[in-house]
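What follows is each chain in one-letter form.
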Amino acid sequence: LTNITYMGFRGEALPSIASVADMTIDTFSAGAPNGWSLDATTGEIRPCSWDNGTRIRVKNLFSRTPARLKFLRGDRAETMSVLDVVKRLAMARRDVGFVLNNKWFFPRGQSLMERMASVMGDDIDGRMLEIDAKSSSGDMELTGFISVPVLRRASSVDQFLFVNGRPIKDKVVVGALRAAYMDVMHAREFPLCALFLKMNPAHVDVNVSPAKTEVHFLEPSHVRAFIIKNLREKLSETLAATARVAHDVAAHENAPKQMNIPVNNIV
């Protein structure tokens, strides 16, 4: 349990969903003459034409437990929740292609910047700062991108944080990101980011919540300080470069204008 390096999911997830909805599982093994389909409601298994990996389809959610239907929000709100999950998985695994409702496409094999543009929007072009840092002891590595201070959102919807490839929403990492931007961004504004923290799996516990979005660091203060230090250094470099450009422009505009008068016009 202290060395979990894959994402996985809760073991009871599929039977739990099958108990409250209509579920069909289609699967295909390479080299097999055909695929197979399982009706999770009846237990019937039959050949099918599916020919690419495994597909799980869920319909009529909570049809057998109608009391839970009242806790579902509207279609748009529930779709946005599903989209958020898919986006975080797409950011974590660029080697996998994702398609949602034939409306959201995240092609397989995209670079990180391409996947970020697909997920966050084209307005990030040329406005993200690359992070590539290692701790002095070599026990942590932080890579990814953060937005320049002028690029911001009204919510944290475009903040993607990962620990050892796992999408998280941990208060230590979120707090470190907020602290790094404290001097350059209003408290009610949120930077964009895709940050990947790699560390010894034995130094982080990923089994502290059923949703697996929270983690517990062995040394949270060490992790927080490492993130803040490197993000602030990158932001400082950018602000210094911007200030130099502004100074050069101002100096050019205020410089005395030289008049070039043709010689043949001089009397």
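It should be noted that the structure appears before, not after, this text.
The structure contained in this document is the topic of the report that follows. Nothing here was measured: the structure is a model prediction, and the numbers come from that model.

This paragraph deals with the sheet that holds strand 1 (residues 22-27). Consider a sheet: its strands pair through backbone hydrogen bonds, and that pairing is either parallel or antiparallel. The strand order 3-2-1-4 describes an open sheet built from 4 strands, whose pairing is antiparallel. Of all strands in the sheet, those with a lone pairing partner are strand 3 (45-48) and strand 4 (54-59), marking the two edges. On average, each strand axis in the sheet is inclined to that of its neighbour by 20°, with strand direction left out of account. Two strands pair when backbone bridges link them, and strand 1 and strand 4 are joined in this way by 6 bridges, in the antiparallel orientation. When the bridges of strand 4 are listed, Met23 appears paired with Val58.

This part takes up helix 2 (residues 75-92). For helix 2, spanning 18 residues, the distance from its first C-alpha to its last is 26 Å, which sits close to the expected 26 Å at 1.5 Å a residue. In this structure, the buried residues of helix 2 make contact with strand 5 (98-100), strand 6 (104-106), helix 3 (112-120), strand 9 (159-163), strand 10 (166-168) and strand 11 (193-199).

The mixed open sheet is built from 5 strands, whose spatial order is 7-8-11-9-10. The open sheet has two edge strands with one neighbour each: strand 7 (128-134) and strand 10. Neighbour to neighbour, the strand axes of the sheet diverge by 15° on average, direction disregarded. In this fold helix 2 packs onto strand 9, strand 10 and strand 11, with an angle of close to 55° to the strand it touches most, strand 9.

Calculation rules
Starting afresh in each chain, residues are numbered from 1 along the sequence in its written order. Thresholds applied to this predicted model are a pLDDT of at least 70 for local features of residues and 80 or more for the giving and counting of side-chain atom pairs; totals over whole chains, interfaces and linings are not thresholded and use all residues. Think of the side-chain values as coming from all heavy atoms in the structure, minus any hydrogens and water. Being paired, for any two strands, means DSSP has found at least two bridges between them. Labels follow the DSSP assignment, with helices taken as runs of H or I lasting at least four residues and strands as runs of E lasting at least two, numbered in each case from the N terminus. To obtain each axis, a line is fitted to C-alpha atoms, and for helices this fit is confined to the stretch in contact; angles are then taken between N-to-C directions over 0 to 180 degrees. Residue count minus one, scaled by 1.5 Å, sets the expected span of a helix. For this analysis, residues touch if any pair of their heavy atoms sits within 4.5 Å.

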